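Below are the chains, spelled out letter by letter.
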Amino acid sequence: MTRPDALSYKIACLCDLRDARGRVLLLERAKNPNKGLFSPIGGKLDTALGESPTRCAQREIHEETGLVIPVERLHLGGIISEQAFGGDTNWLMFWFRVLGPVELEPVEMNEGRLDWHEPESITDLPLPATDREVIWPVVNRHDGGFFALHIDCRQEPMAWTLEESRPGPNPGG
């Protein structure tokens, strides 16, 4: 029997792409969720087809940028679970960092506008609270490493737990 307060999980990937100057590619979202806010590119896994998180990241990068990134360049840098995000969804997200720089001109598309941003200015942009307060600081401390992060959005302020932490060789971005 399903609990009346039970929320289903949506499974997605988020993709961290950097250019030769170290800038981060972000999407200013034109659609919900997070319309008007900045986020890494990514999207939901095709669970009906049994798509892997890595192949989802590869597909989403291609769909949103036109770039073909070999799976060997996709580093799983973290797993993020968000409990009751927006009060209506649990998210399970796989954070992938593309190894090496990518080249792409800023572009408008149906999802919004893709553009490059200096890492130190990301938290000055309009971001979801989870991204500003938790995700980007954790990502920056684990550059090249791995993390597992759980964020409980059911309360204000949100609570979070770093369940696994293996900082990389370049903590701090």
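Residues numbered from 1 in each chain as written. Predicted model: local features only at pLDDT ≥ 70, side-chain atom pairs only at ≥ 80, totals over all residues. Heavy atoms only, no water.

Asker: Would you explain the packing of aromatic side chains in this entry?
Answerer: Where two aromatic rings form a pair, the distance of their centres and the angle of their planes describe that pair. Per the counting criterion, the structure on display carries one aromatic pair. A ring pair is formed by W95 and W136, whose centres lie 5.2 Å apart and whose planes are at 90°; its orientation type is edge-to-face. With W95 in strand β6 (residues 89–98) and W136 in helix α2 (residues 129–141), this pair connects stretches of sequence that are 41 residues apart. The same class applies to W95 and to W136, which are both buried. (Phe/Tyr/Trp six-rings, centres within 6.5 Å; stacked < 30°, edge-to-face > 60°. Helix = DSSP H or I, 4+ residues; strand = E, 2+ residues; numbered from the N terminus. Buried < 20%, exposed > 50% of the residue type's maximum accessible area, 1.4 Å probe, protein only.)

Asker: What am I meant to see in the sheet that holds strand β7 (residues 107–109) here?
Answerer: In a beta sheet, neighbouring strands are held together by backbone hydrogen bonds and run either parallel or antiparallel to one another. Spatially, four strands are ordered β3-β2-β8-β7 in an open sheet, and the strand pairing comes out antiparallel. Each edge of the open sheet is held by one strand with a lone partner, namely β3 (38–39) and β7. Where strand β2 (residues 24–29) meets strand β8 (residues 112–117), six bridges bridge the pair, whose relative direction is antiparallel. Bridging across to β8, E28 finds its partner in R113. (Pairing = 2+ DSSP bridges.)

Asker: Help me understand the layout of surface pockets, please; the structure alone is not making it clear to me.
Answerer: It is a probe the size of a water molecule, rolled over the atoms, that shows where empty space is left. Reported here for the largest pocket is a volume of approximately 540 Å³. In terms of lining residues, the largest pocket is bounded by 29 residues, among which R29, P33, G42, G43 and W91 are the most central. Within the residue set of the lining of the largest pocket, elements represented by two or more residues are β1 (9–16), β2, β4 (41–44), α1 (53–65), β5 (74–85), β6 and α2. The greatest single-element share of the lining of the largest pocket, amounting to four residues, is contributed by β4. Looking at the lining of the largest pocket residue by residue, the classes come out as 13 nonpolar, seven polar and nine charged. (1 Å grid on protein atoms, 1.4 Å probe; cavity = no way out; pocket = protein on both sides within 12 Å on 5 of 7 lines; lining within 4 Å. Points joined across faces, edges and corners; volume = space filled by probe spheres on them. Nonpolar A, V, L, I, M, F, W, Y, C, P; charged D, E, K, R; others polar.)

Asker: What should I look at first to understand the side chain of E82 in this one?
Answerer: Topologically, E82 is positioned in strand β5. The buried charged residue E82 lacks any salt bridge, with K10 as its nearest oppositely charged partner at 11 Å. Among the polar contacts made by the side chain of E82, one reaches the side chain of T130 at a distance of 3.1 Å. Leave out the neighbours within four places in its chain, and E82 touches T89, N90, W91, M93, T130, I135 and I151. (Lys, Arg positive; Asp, Glu negative; His and termini not counted. Salt bridge = Lys/Arg side-chain N within 4 Å of Asp/Glu carboxyl O. Polar contact = N/O pair within 3.5 Å; in protein donor to acceptor, adjacent residues only side chain to side chain. Contact = heavy atoms within 4.5 Å.)

Asker: Is there a simple way to explain the nonpolar core in this structure?
Answerer: Grouped burial of nonpolar side chains is what soluble globular proteins tend to show. Judged by nonpolar contacts, the single largest core of 22 residues is most densely connected at I80, W95, W136 and L149. The element that contributes the greatest number of residues to this core is α2, accounting for five residues. For W95, the residues in contact, after removing those within four places along its chain, are L14, D16, P40, H75, L76, G77, G78, I80, I135, W136, V139 and F147. L27, I41, L67 and F94 belong to the second-largest nonpolar core, a separate cluster that totals 20 residues. (Core = buried A, V, L, I, M, F, W, Y, C linked by side-chain atoms within 4.5 Å.)

Geometric descriptors of this kind do not, in isolation, establish any biological role.
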